[in-house]
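# Structure assessment
Read off the chains here:
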Amino acid sequence: MFCIFFASIANKMFSIINTLQITEKNAEPEITLLTYLRRSLGLTGTKLGCAEGGCGACTLMVSKYHPHQNRIIHHAVNACLAPLCSLHHCAVTTVEGIGSVASKLHPVQERIAKAHGSQCGFCTPGIVMSMYALLRSNPQPSMHDIQEAFQGNLCRCTGYRPILEGYRTFTKDGGCCGGKGQTNGCCMTNGCIEEHVNDNSMLPAQKLYDQSEFMPLDPTQEIIFPPELMSLSIQPQRELRFVGERVLWIQPCSLKELLELKATYPNAKLVVGNTEVGIEMKFKNLLYPVILAPAYIPELNIIQHTQDGIEVGASVTLTVLGDVLRAAVKKLPTHQTEVFEAVLEQLRWFAGQQIRNVAAVGGNIMTASPISDLNPVFMAAGCKLTVMSKGEKRVLEMDDKFFPGYRKTVLKSEEILLSIEIPYTRKGQYFSAFKQSPRKEDDIAIVTSGMNVLFKEKSNIVQSIRISYGGMAPVTVLATATCNRLLNRQWNEELLEQACTSLAEEMSLSPSAPGGMVTYRRTLTISLFYKFFLTVQHKLALDLGMEGVTVEDVRPEYATATELFQLDSPSGVQLYQAVPPGDNSDDVVGHPIMHLSALKHATGEAIYCDDIPCYENELRLALVTSTKAHALIKSIDTSDAMEVPGVVAFISAKDIPGSNLTGPVFNDETVFADDKVTCVGHIVGAIVADTQAHAQRAAKAVKISYEELHPVIVTIQDAIANKSFYQPVRSMERGDVAQGFKDSDHILHGKMHIGGQEQFYLETNCTVAVPRGEDGEMELFVSTQAASKTQALVAKALGVPANRVVCRVKRMGGGFGGKESRSTILSTVVAVAAYTTKRPVRCMLDRDEDMLVTGGRHPFFGHYKVGYMNNGRVNALDVTLYSNAGNSMDLSLSILERALFHMDNSYNIPNIHGTGYICKTNLPSNSAFRGFGGPQGMMIAESWMSDVALSCGLPAEEVRRMNMYKEGDFTPFNQRLDQFTIDLCWEECMQLSDFNMRKEAVEQYNRQHRWTKRGLAIIPTKFGISYTAVFLNQAGALVHVYSDGSVLLTHGGTEMGQGLHTKMVQVASKTLGIPCSKIHITETSTNTVPNTSPTAASVSSDLNGMAVYNACQTLLQRLQPCIDKNPKGCWEDWVKAAYFDRVNLSANGFYKTPDLGYDFNTNSGRAFNYFSYGVAVSEVEIDCLTGSHKNLHTSIVMDVGKSLNPALDIGQVEGGFMQGLGLFTLEELRYSPDGYLYTRGPGMYKIPSFGDIPIELKVSLLRDAPNEKAIFSSKAVGEPPLFLAASVFYAIKDAITVARAESGLTGPFRLDSPATPERIRNACEDKFTKLCPPADPGTFTPWAVQV
Ligand SMILES: Cc1cc2nc3c(=O)[nH]c(=O)nc-3n(C[C@H](O)[C@H](O)[C@H](O)COP(=O)(O)OP(=O)(O)OC[C@H]3O[C@@H](n4cnc5c(N)ncnc54)[C@H](O)[C@@H]3O)c2cc1C
Ligand code: FES
Ligand code: FES
C-alpha cells in the first residue's frame, strides 16, 4: 500500500511513502506532483494525458486536515496541475496506494475491470481514483454523484457506458432492477446492466459479467489519515519558502505576512489552485519568478452570513463555495437565494470535480477571463469585493469598471482580493445565469451571462435590471444601454421585442473577433435573454398571482425553454448470442471474458511506453517546430537554447546518417525540414537535454528566421482554387450515369463539408530509443500500431539494414489509426538523437505537441448531383469528393479510395459515378483514423439521401429502406454482396428501438413544444473488410511451447485497447485445447514476427487469428504422436514427452487473405474479403434557442459474425459509436486562415465525455450470422460501428427540419459536420437569428476557417 504524506520542516519537503520517510530539500516550485511521482518516485500508475487538467488521467486523491472546516477532506485532484510545493501537510493516495493485482485489489479497481470498463487502460487509473475519492467522502453515492465525479475524466475507448454500469454497483440501489423490466422481467431500462441472450435462443440469460463475484466495499478498511500529519496540521504554522531554478515559492501563514510579501514583491502571483497560473506557465511560456501561496490564510477562507449576503474568502475553493450555497438555499426562503441558485447553476458546469476541488473563487475573479463563468453572475448581482494592501482595505462593487482591459482588474499591484460578498435577493427580484459551451460538461464557455431584474412592488414594471455577458468582448460586459431602455416598462412582448433589437445592436462583434462563431454568439445574447424573459414571466405570473395580480403566464408550448439542462442517468442493454456449453470448459471463444490486462490497467501496474524505468544516462527530447505554414528557413539560431541548463545537443537534418527522406508509402516527406517548411508544426529539429522541462524550455528558445512563401493553402477551397492536388485523381463508375439522370423525375444538387478529427488517444506518441553500441544496433520501445514500418523507417534514417533495428511494443494507450504511420516520424527523430548522442533518448509528446504535429482524420468536402424518382428511388448519382491531406501524401490515397468504395453507403444506385481528389495543403499531414475515409464517404451518401427524402416529402426511413441493397446486388466496384445481413439488422433495430412508437411520440412532442424539438433517424452501414493495398493482407505468428507446458504467443498485431491480445489468446487456447491461463503474450516485436502489417483496417483479429491458428495447428500436429501414445495424459505430459523426443516446440504461422485484388482502371477484382454490417436508430432533442442537444436514445444492431468475445465486441461497438458521435456532433479542429491550429488540447478540443452518452443505449450483436471468411466464423468490428453515429447527426437534422418548419422553411438545407451547437442554432432560423445576419463572406478575415 502506497500512501504519500507531505509535511514541512522549515524549507524542506518531508514525505512518507509506505512508512518510508523522504525529505525533499528545496522542492522545485516548477515541479508538479505528477512529475515528482513518475520521475522521482517511479510511481507510474498516475498517467499524463494532457498536463492541463482536462483529461483526468492524472487523478489521485489528496487528503488534508482543513482547519477552517475542522475536518479531514479527501479530494480528487489533477496531479498535473498540483505544484509539489502546495502539498504541505497533505497525504497523497495514488492508484498504487489502494490495491494491486499482486497483493489485493480494491473493489473500485476490480469492478471497472470486470465490468469491461477498461480497453487501452490509460484513462483507467484516473477514473479509478475519481471513484475512490468519491467513495472516501461518500460511501453510498447516488448515480448523479458518480456522474458528477467523472465530469473531469475522459476516456477515448470505451464509450463510458460500462464504466458507469460497473460503478453503479456502488450506489444504494446498484444491484436492483427496480421493477422496470420489460417482457422478460429483467431490468432493461432503469440503468442496471443486464445483458440478454436473444429471445429465440433456448439458452439461459447470460451476462457480460457476474456482479455477485464483486468484492464488497468495506469503508472501514480504508487507509486512515496519518496521525502524524494530523498533529502537524493543528500546530501553529510557519512560513514555507522554496527556491527553485527560476521561481521562489513562499507560503505565508498570516494575512499580515501575505500583505507584506505582496508589498515587497508587487508582481508576485498568488496561487491557490494553480489551475490558471499552471496553464500560463506551461503553455503560454509565462514565467512568474515569485509565487505566494495563500491557500491556508484564515481571512481568505472566511465564510460568513452578513446582513446583505454571504461573504466568501478569496481562497475558498469552488467545491466549498458550492457546499455553502447549497446549504443556504436549503435554509433560506426562495426569494432570497436567486443569486445563490444562479452561482450553483454555473458551478454545475464549471470544469470538472478535480478542478473545482482546488480552484478558488478569487482565482476565477482575478484571472479576469472574458469567458469566466462566475464573473458575469457576480457583475449582474453587483457583488461587493473587499481588497486589501499593507496599508489599506477597500470595498469595490463588481461593475463594468472592475475589468478595465483584457485579463486586467482595477486592483493595484500591491493589493490582494480578500473576499467577495454574494448578495441575497428580495421579493420581486429574479436572477438567472447561463453558460453556453460546445460540450455541456467540463468546457469553457462560448457565451456566459448573468441576468438580474427587480420589479416594482406587486407589479410587472421593471424597477432595475442588470444584464452581463462574458464572451462578447475582451472583458465581462454589462448591456447598460439595453437595460436603461427597459426601465419602468412592463415585462411583456413589447419589452421583449425592444430588448432583442437593442441587444442585437449593443452586443455586436467584429466578424473577425477572436473566438469566431460571431453570428452564433450574437444570436445567443438574444436567445439567452429570451429564456430569461420566459423564466421571469412564469415566476411573475406565479408570484403576482398569489398577490392577486394577474399577468400573462408562459404559453405551455414555450415552457421547455425555461428548463435547465439536466443530466439524466443513463441506462444500457446489451444483447448477444450465448455460446452453448461445449465439451471443453477451457474453450472460451465466444465468451465475454475480460480484457486480459484490465486488472493491471485498473491498478496502474500495466506498463506503457513512458512507464519504462529511465536508463541511467538517458536524455529527454523536445521538438522544435515551424511557426509558419509555408516558408523558407533562412537561419536557425540555437545560442540561447544551448544556454539552458542540462541541454546536450540540437539535432537537425545534418545529423541524419542515412536518408532524411521518409513517409509510410511515398517517401515524400523529411524527418527534419531541411530548407523549407510546409506547415505550422513541421519538425525542424530537436533538443536533447537532461530533463523534459529543460529540453522544452530550450526548444522554445531556438530562433528560426523564415522567408514566407505564397500561396499558403489551408482549406480544401484554397486547394481547389489553386488546383493543388496530389496524383492520382481516382474515379469509379457503374451503369450509365447520363442516361440515369435523363430517366429521373428530378435532379438535385448539394454540398457537405465534414470536419477533421483528432485521434486523441489518451497516451500521446512516445518512443524510447536505446543505442546498443555495436554494429549500428538500435532498440526502440514505441507506442505504435506499426512496428515493422517504424523499424524500416528508422533503419533508413540511420543508414543501417533493418536487421539492426528492433522495435518493441508492449501496449498502447489508444491508437485509432493515429499511430499507424505518423508515430514513425517521432520514432525516427528520437532514434537519430540517440544515434548522435550515443545515449538512450526518450520523448513522450505533450498533448499540444502531439495535436500540432501528427495530423488527424482528413476533412472532406463533397458535392453531388442526384437523379431520383417521385417515390424517392435514386436513379443516378454523380459525387465528387475532396480530402484535405495536408503537406504529405502519407496514407491519403488509400483513405480517398476507401471513401469512394463507400460513396454508396448501403444503397443500390444503378448509375453511379464518383471522383476523388486529394488536396495538397499547408497543414500537418492528415492520416488514418478509425474508418479510414469510409465514414466521410458514407456521410456524404446520407446527405444526398436526406436531401432526396426532404425533396420528396417522404419519411427518410422509407426512402433509405427502398434504396437499400439486397442479397446478390453488386456494388459500384462490381463486388457481389453475399451473406448480406443489413435487412436483418434493420428489422431488429426497428424492433429494438420501438421505432414506430418512438416516431409517433416524437411527432407528438414536436407538436407540443416550440423551442425544443426532437428528431429521429435510422442509418445503415456497410464496411468493406480488407486492406485495400493487397500486400498488407498478411500476418504472422510465433508460438513457443516451453517444457513446463506454458505457451508464449507472439503475433504481428499490437494491443491498443481493442483486446486483440485477449482474442488471440482465446484463439490459441481453443486451438491447442488448453486454458488461457497457460498462454502469455509479452509484446509485439520485429525480431519475433517480421514484416508485419500495421494493426489497422479492422482486420487484425482476422489475419493474426488465422496465423495463430496456423501455428497452433502445426504444433498440434507435431504433438500428435505423443498424444496418441498417451491419450489419457494431459497437455504438460505431451509437451514433456515431445521435448524428450526432441520435437520442435516452436512454430510460426502465416496467413494471407485469398482472392483479393481490385483494379481501379478496369473496375474489376475483389476489393474486400467480406463486409461488416450494422444499423442504428437514434433519437435526440435539440434546444432551438441555444443549439445544445441531448442524445436521448440509440439502438444499434451490429453483425460481428460469431463473436469471438461479446464483451470486447460490444466494447468496440460502443466505443466506435462514441468516437463517431464526437466526429459528427462535437469535435471541431479550429485553424486560423494562415494554418495555425488553435485547438491543441482538451481545453479547446472537446471529445465526448461521460455526459454525452445516449441516455438509453441498446446494443445487439446480430444472432445466427456466422461468417465463413474469418477465424472461427467471426467478423471484424473495430471500424464499422463508428459510422452508426451518423444516426445522431441525422436525428439532429430531422429535429432542425421541424424547427425550421415553424419559421415556414421547408425542403433540403445544408448542414455540415459536426453538428455543433453553433451549426444547430444557426440552422434553426427564427426571428432572433434574423436580428444577427452574418457579415458577407470576403469582406473580412475570419478568426477561423473550415479546412
Ligand atoms: C481544466 C480547466 C477547466 C476550467 N474550467 C473553467 C470553467 O468552466 N469556467 C471558468 O470560469 N474557468 C475555468 N477554468 C479556469 C480556472 O479554473 C478558474 O479561473 C479558477 O477559478 C482559478 O482558480 P485558481 O485558484 O486555480 O487560480 P490560480 O491559478 O491559483 O490563480 C489565478 C489568478 O488569480 C490570482 N489570484 C488568486 N487569488 C488571488 C487573490 N486572493 N488576490 C489577488 N489575486 C489572486 C492569481 O495571482 C492568478 O493571477 C478552468 C481551468 C482549467 C485548467
Ligand atoms: S494529465 Fe492531468 S488532467 Fe490530463
Ligand atoms: S480505456 Fe479509456 S482511454 Fe482507453
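Keep in mind that this is a model prediction, so the values were computed, not measured.

What counts, and at which threshold
- Residues numbered from 1 in each chain as written.
- Chains lettered and ligands numbered in written order.
- Predicted model: local features only at pLDDT ≥ 70, side-chain atom pairs only at ≥ 80, totals over all residues.
- Heavy atoms only, no water.
- Buried < 20%, exposed > 50% of the residue type's maximum accessible area, 1.4 Å probe, protein only.
- Helix = DSSP H or I, 4+ residues; strand = E, 2+ residues; numbered from the N terminus.
- Arc of directions from axis to C-beta.
- Contact = heavy atoms within 4.5 Å.
- Axes fitted to C-alpha atoms, helices over the stretch in contact; angles between N-to-C directions.
- Parallel < 35°, antiparallel > 145°, perpendicular 65-115°, else oblique.
- Left-handed = near helix turned anticlockwise from the far one by under 90°.
- UniProt positions renumbered as here; feature names shortened; annotations may be inferred.
- Polar contact = N/O pair within 3.5 Å; in protein donor to acceptor, adjacent residues only side chain to side chain.
- Near = heavy atom within 4 Å.
- Areas by Shrake-Rupley, 256 points an atom, 1.4 Å probe, with all protein chains shown as cover.
- Nonpolar A, V, L, I, M, F, W, Y, C, P; charged D, E, K, R; others polar.

Another aspect to go through is helix 27 (residues 956-963). Glu957, Val959, Arg960 and Asn963 are the residues of helix 27 that are buried. Mapping the buried residues of helix 27 onto a view down its axis gives an arc of 165 degrees, with all of them on the same face. Buried residues in helix 27 make contact with strand 37 (874-886), helix 26 (934-952), helix 28 (982-992), helix 29 (995-1008), strand 39 (1012-1025) and helix 34 (1286-1302).

Their axes nearest at 9 Å, the elements helix 30 (residues 1060-1072) and helix 31 (residues 1100-1125) cross at an angle of 30 degrees. Compared by their axis directions, helix 30 and helix 31 come out roughly parallel. The chirality of how helix 30 crosses helix 31 is right-handed. Across from Leu1060, Lys1063, Met1064, Val1067, Ala1068, Thr1071 and Leu1072 in helix 30, the residues of helix 31 making contact are Ser1100, Ser1101, Asn1104, Gly1105, Val1108, Tyr1109, Cys1112, Gln1113, Leu1115 and Leu1116.

Glancing now at the UniProt feature "binding site: Mo-molybdopterin" (unreviewed entry) in the chain. Summarizing the sequence annotation, UniProt attributes the feature "binding site: Mo-molybdopterin" (unreviewed entry) to Gln785, Phe816, Arg930 and Ala1097 in the numbering used throughout. Across 313 residues of sequence, these annotated residues stay compact in space, with a maximum C-alpha separation of 12.4 Å. The residue Gln785 is located in the loop between strand 33 (778-782) and helix 22 (787-798) in this model. With residues up to four places along the chain from it excluded, the contact list for Gln785 reads Met812, Gly815, Phe816, Gly817, Gly818, Lys819, Glu820, Thr1054, Met1056, Pro1094 and Thr1095. A polar atom in the side chain of Gln785 sits 2.9 Å from the backbone nitrogen of Gly817. Position of Phe816 among the secondary structure elements: in the loop between strand 34 (805-809) and helix 23 (823-837).

Neighbouring ligand 1 are 32 residues, the closest being Lys269, Leu270, Val272, Thr275 and Asp373. Interatomic distance of 2.9 Å between a backbone N/O atom of Glu276 and an oxygen atom of ligand 1. Take Ala351: an N or O atom from its main chain is 3.0 Å from an oxygen atom of ligand 1. Calculation on ligand 1 without its partners gives an accessible area of 990 Å², and the protein chains cover 93% of this total. Elements supplying a minimum of two residues to the shell around ligand 1: strand 10 (269-270), helix 8 (277-283), helix 12 (361-367) and strand 16 (416-423). The leading source of residues in the shell around ligand 1 is helix 12, at four residues. Grouping the constituent residues of the shell around ligand 1 by class yields 17 nonpolar, eight polar and seven charged.

Let us now look at the UniProt feature "active site" (unreviewed entry) in the chain. The positions that UniProt labels "active site" (unreviewed entry) are, in the present scheme, Glu1279. Positionally, Glu1279 belongs in the loop between strand 47 (1256-1261) and helix 34. Each residue touching Glu1279, except ones within four places of it in the same chain, is listed here: Arg930, Gly931, Phe932, Phe1023, Ala1097 and Ser1098. Here Ser1098 takes part through its side chain, which lies 2.8 Å from a polar atom of the side chain of Glu1279.

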